[in-house]
Amino acid sequence: MGQDKRRPLLAANWKMHKTVSEMEEFLSSFLKMVSGIDDRDIFIAPSFVCLHDMVKLLKGTQVEPAAQNMFYKEEGAFTGEVSPKMLTSIGVSLVILGHSERRHIFHEDDELIGKKMESAISHGMRPVFCVGETLEEREKGLTSTVLKNQLSRGLQGIKESDTGRVIVAYEPVWAIGTGKTATLEQIQEAHALLRSEIGKLAGEDIAQKVRILYGGSVKPGNIKDIMGLDDVDGALVGGASLEPESFAQIVRFEEN
Ligand code: 13P
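A. Representation of helix α8 (residues 184–202) in the model. End to end, α8 covers 26 Å across 19 residues, agreeing with the expected 27 Å (1.5 Å per residue, within 8%). For α8, the full list of buried residues reads I187, A190, H191, L193, L194, R195, E197, I198, G199 and A202. Next to the buried residues of α8 lie β5 (126–131), α7 (143–155), β6 (167–170), α9 (204–209), β7 (212–214) and α10 (223–227). Of the residues flanking the end of α8, it is G203, one or two places downstream, whose phi is positive at about 100 degrees.

Below, the structure written as structure tokens:
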């Protein structure tokens, strides 16, 4: 695997943070800090309120805008929802789906997430598909069962050949926003399991191409070691992506 290591991807999930002016302020510093870095992918998922302005501000840069969620229908009577057609019409093709906060706070289940995955792919988008176990599931020894189930249900409606367009994010629920990062062994074990399951579902070639990100209390101080793991191809960062300095340090992970 070493010689054809996948292209690193460092991703910011801003969750429900930042107004439009705070987003502009962030970008005016951050873009300078990462200018010229072209050997890795960077994306930022702001709130929907910021997204269209962000698309314009990121034009001509190597940083891509992403959505934090979407519904699976193109349009209709779905109050409060945003559609794949709306996102692609403003130039957004990356979308985070199945985030643990969507699963646990907003009760999205595997079936709904599966429909969103299918819809994202059929609209030519690239879903960032999140999976992860709760602390209770880990303590009961259910981690691999939970990950396999979430993965297979999320990918169920997607053709094998399209699976290569999916980015997977492993985010153990107990490590999100808690300051409690999973150990390197736990991360590598989960990522290797996910890659091997992707291999069973879509073939080994695709499994070797799919990028698997780790998320959960990633910071400038731990990103280098995490990125050093064989099956980790990037990170999905919450809290530490809100300050330009700290997200730029994460992007330049080798220098930490
Ligand atoms: P934190 O980096 O704040 O733990 O959040 C991780 C996350 O949920 C990214 O999607």
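B. Structural context of the nonpolar core. Formed by 68 residues in total, the largest nonpolar core has its most connected members in F30, I44, L87, V168 and F247. Ranked by residue count, the leading element in this core is α8, at six residues. Not counting the four nearest positions on each side in its chain, L87 is found in contact with F48, L51, A67, N69, M70, V82, V92, V95 and M125. Within the second largest apolar cluster, 13 residues are counted, among which are A11, A45, L94 and A169.

C. Inspection of the pairing of strand β3 (residues 63–67) at higher detail. Judged by how many residues are buried, β3 sits mostly within the fold: four of five residues are covered. Pairing of strand β2 (residues 41–45) with β3, which is carried by three bridges, proceeds in the parallel orientation. Bridge pairing links I42 to V63 in β3. Handedness of the crossover joining β2 and β3 through helix α2 (residues 48–58) is recorded here as right-handed. In this structure, β3 lies alongside strand β4 (residues 94–97), joined through two bridges in parallel fashion. Opposite A66, over in β4, you have L94 as the bridge partner. For the handedness criterion, the β-α-β arrangement of β3, helix α3 (residues 84–89) and β4 is classed as right-handed.

D. View of the packing of helix α1 (residues 20–33) against helix α11 (residues 244–251). Close contact between α1 and α11 brings their axes to 9 Å; oriented N to C, the two are set at 30 degrees. The orientation of α1 with respect to α11, classified from their angle, is roughly parallel. Classified by chirality, the crossing of α11 by α1 is right-handed. Along the contact surface, α1 presents F26, S29, F30 and M33, while α11 presents P244, E245, F247, A248 and V251. Of the residues in the contact of α1 with α11, the class split is seven nonpolar, one polar and one charged.

E. Examining the site of the ligand more closely. Close to the ligand lie 13 residues; H99, E171, G177, S217 and G239 are nearest. Between the ligand and S217, the relevant distance is 2.8 Å, taken from an oxygen atom to a main-chain nitrogen or oxygen of the residue. Out of a free accessible area of 310 Å², the ligand has 95% covered by protein chains. Split into classes, the residues belonging to the shell around the ligand amount to four nonpolar, seven polar and two charged.

F. The pattern of salt bridges, seen in detail. Inspection of the entire model under this criterion finds 21 salt bridges. In this structure, the salt-bridge partner of D110 is R103, at a minimum N-O distance of 2.8 Å. This pair shows no difference in class: D110 is buried, exactly as R103 is. Two residues, D233 and R195, come together in a salt bridge whose shortest N-O distance is 2.8 Å. Within this pair, whereas D233 is found in the loop between α10 and β8 (234–237), its partner R195 is found in helix α8, the two being separated by 38 residues in sequence. Per residue, the accessibility class of D233 equals that of R195, and both read buried. Residues joined by salt bridges that share partners form a network here, namely R6, R195, D231 and D233.

Reading the values: rules and limits
Residues numbered from 1 in each chain as written. Predicted model: local features only at pLDDT ≥ 70, side-chain atom pairs only at ≥ 80, totals over all residues. Heavy atoms only, no water. Helix = DSSP H or I, 4+ residues; strand = E, 2+ residues; numbered from the N terminus. Expected span 1.5 Å × (residues − 1). Buried < 20%, exposed > 50% of the residue type's maximum accessible area, 1.4 Å probe, protein only. Contact = heavy atoms within 4.5 Å. Core = buried A, V, L, I, M, F, W, Y, C linked by side-chain atoms within 4.5 Å. Pairing = 2+ DSSP bridges. Right-handed = clockwise from strand over helix to strand, strands pointing away. Axes fitted to C-alpha atoms, helices over the stretch in contact; angles between N-to-C directions. Parallel < 35°, antiparallel > 145°, perpendicular 65-115°, else oblique. Left-handed = near helix turned anticlockwise from the far one by under 90°. Nonpolar A, V, L, I, M, F, W, Y, C, P; charged D, E, K, R; others polar. Near = heavy atom within 4 Å. Polar contact = N/O pair within 3.5 Å; in protein donor to acceptor, adjacent residues only side chain to side chain. Areas by Shrake-Rupley, 256 points an atom, 1.4 Å probe, with all protein chains shown as cover. Salt bridge = Lys/Arg side-chain N within 4 Å of Asp/Glu carboxyl O.

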